[in-house]
Amino acid sequence: MSILKASKIKKTYGKKLFAQEVLKGIDLEVEAGEFVGIMGPSGSGKTTLLNVLCSIDRPTEGIVEINGQSLQKMKSKQLSAFRRTEMGFIFQDYNLLDTLTVKENILLPLSVGKTSKQEAESRCQQLATQLGIQELLKKYPNEISGGQKQRTAAARALIIHPSIVFADEPTGALDSKSASSLLENLSTLNKANHVTIMMVTHDPVAASYCSRVLFLKDGQIFTQVYKGDKTRTQFFQEIMNTQGVLGGDGYEA
């Protein structure tokens with residue numbers, strides 16, 4: 001079952017002589033429970049694509065559907081409500097509120113809904129346990145590490161039980177140990193809870209945790225690779241080989 005469908009997605013910035021076409025007619029589908037990576041050289045359009053798919057930006061042309069609902073047909077209030085119930089977001093800079101505890105940050109998305117206090121508490125405890133931050137719930141963001149902040153952000157994204165989670169360079173600000181811990185957690189949640197994830201990354205190690213990786217070049221999907229039955233090491237090597245074909249020296253944050 002497809003969670004996300006994108007048809008003929010184009011994105012152009014500027015007008016007439018100054019127009020720059022960043023996305024050039026992208027078609028893709030994401031199935032429920034997939035962990036999809038988006039990679040490509042700097043300027044290939046990967047972050048623009050993610051922003052269009054998650055409604056942060058609107059396409060110049062084309063349609064994005066999540067759970068059969070067209071984002072382009074929604075009015076602002078309807079789209080905002082849809083985001084709150086169907087989409088989770090994890091960004092490189094965490095976006096935690098310093099005046100709230102870890103627990104309060106995680107529970108924040110449920111504060112505007114009708115989730116009971118008991119249900120909210122249950123979800124928070126379950127996610128905190130799965131992500132290894134149950135002992136940090138009473139702490140504030142300035143009292144925890146970058147990796148712990150990002151796992152808190154992941155819990156906040158997942159607590160609404162979204163149809164899909166969008167992650168933009170979630171390991172970009174983390175050291176290798178913290179990055180590996182976060183990716184292991186996301187991979188486990190993807191498999192155990194059937195959470196659908198789309199992640200932009202420049203890091204082939206991060207991409208090797210995905211079940212499928214899309215490679216963009218010049219605003220189009222150049223190719224895609226599937227993990228299948230490969231080990232993570234084998235998949236990492238395939239990702240590296242594909243980077244080499246595209247021109248690996250352009251892979252930067």
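Residues numbered from 1 in each chain as written. Predicted model: local features only at pLDDT ≥ 70, side-chain atom pairs only at ≥ 80, totals over all residues. Heavy atoms only, no water.

## What to know about the nonpolar core
What tends to happen in soluble globular proteins is that the nonpolar side chains get buried as a cluster. Selection rule: Nonpolar cores are built from buried Ala, Val, Leu, Ile, Met, Phe, Trp, Tyr and Cys residues. Side-chain atoms within 4.5 Å join them into one set. Using a 1.4 Å probe on the protein chains alone, a residue whose accessible area is under 20% of its type maximum counts as buried, one over 50% counts as exposed, and one in between counts as partly exposed. Throughout, a contact is declared for two residues whenever any of their heavy atoms are within 4.5 Å.
If you look at the biggest cluster of nonpolar residues, it comprises 45 residues, and the most contacted ones within it are Ile 106, Val 213 and Ile 239. If near-sequence neighbours (up to four positions away) are discounted, Ile 239 is found in contact with Met 39, Pro 204, Ala 207, Ser 208, Val 213, Phe 215 and Val 225.

## Regarding the confidence of the model for the protein
Convention followed: Along the chain, pLDDT gives the predictor's confidence residue by residue, from 0 to 100.
Overall, the prediction assigns the protein a mean pLDDT of 93, with 98% of residues at 70 or greater. Note that residues 249–253 has pLDDT below 50 and, in this model, 11 contacts with residues that lie over four places away or in other chains.

## Digging into the sheet that holds strand β9 (residues 212–217)
Pairing between sheet strands relies on hydrogen bonds along the backbone, with the strands arranged either parallel or antiparallel. What counts here: When DSSP finds two or more bridges between two strands, those strands count as paired. Helix and strand assignments come from DSSP, with helices taken as H or I runs of at least 4 residues and strands as E runs of at least 2, each series counted from the N terminus. For helices, the fitted line uses only the C-alpha atoms of the stretch in contact; every axis is such a line through C-alpha atoms, and the angle between N-to-C directions lies from 0 to 180 degrees.
If you trace the 6 strands from one edge of the open sheet to the other, you get β6-β7-β8-β3-β9-β10, paired in mixed fashion. Pairing within the sheet leaves two strands with one partner each, and these edge strands are β6 (87–91) and β10 (220–226). Put simply, the sheet's adjacent strands are angled 20° from each other on average, direction ignored. Summarising the sheet, strand β7 (residues 164–168) and strand β8 (residues 197–200) pair through 4 bridges and their orientation is parallel. Counterpart to Asp 168 in the pairing with β8 is Val 200. Docked against the sheet, helix α8 (residues 232–246) engages β3 (35–39), β9 and β10, running at close to 155° with respect to β10.

## Concerning the sheet that holds strand β2 (residues 20–31)
A sheet is described by the order of its strands in space; here 4 strands give the open sequence β2-β1-β4-β5, paired in antiparallel fashion. Bordering the open sheet on either side are β2 and β5 (69–70), each of which pairs with just one other strand. Each of β1 (2–13), β2 and β4 (61–66) is contacted by helix α1 (residues 46–53), which is oriented at about 60° to β2, the strand it contacts most.

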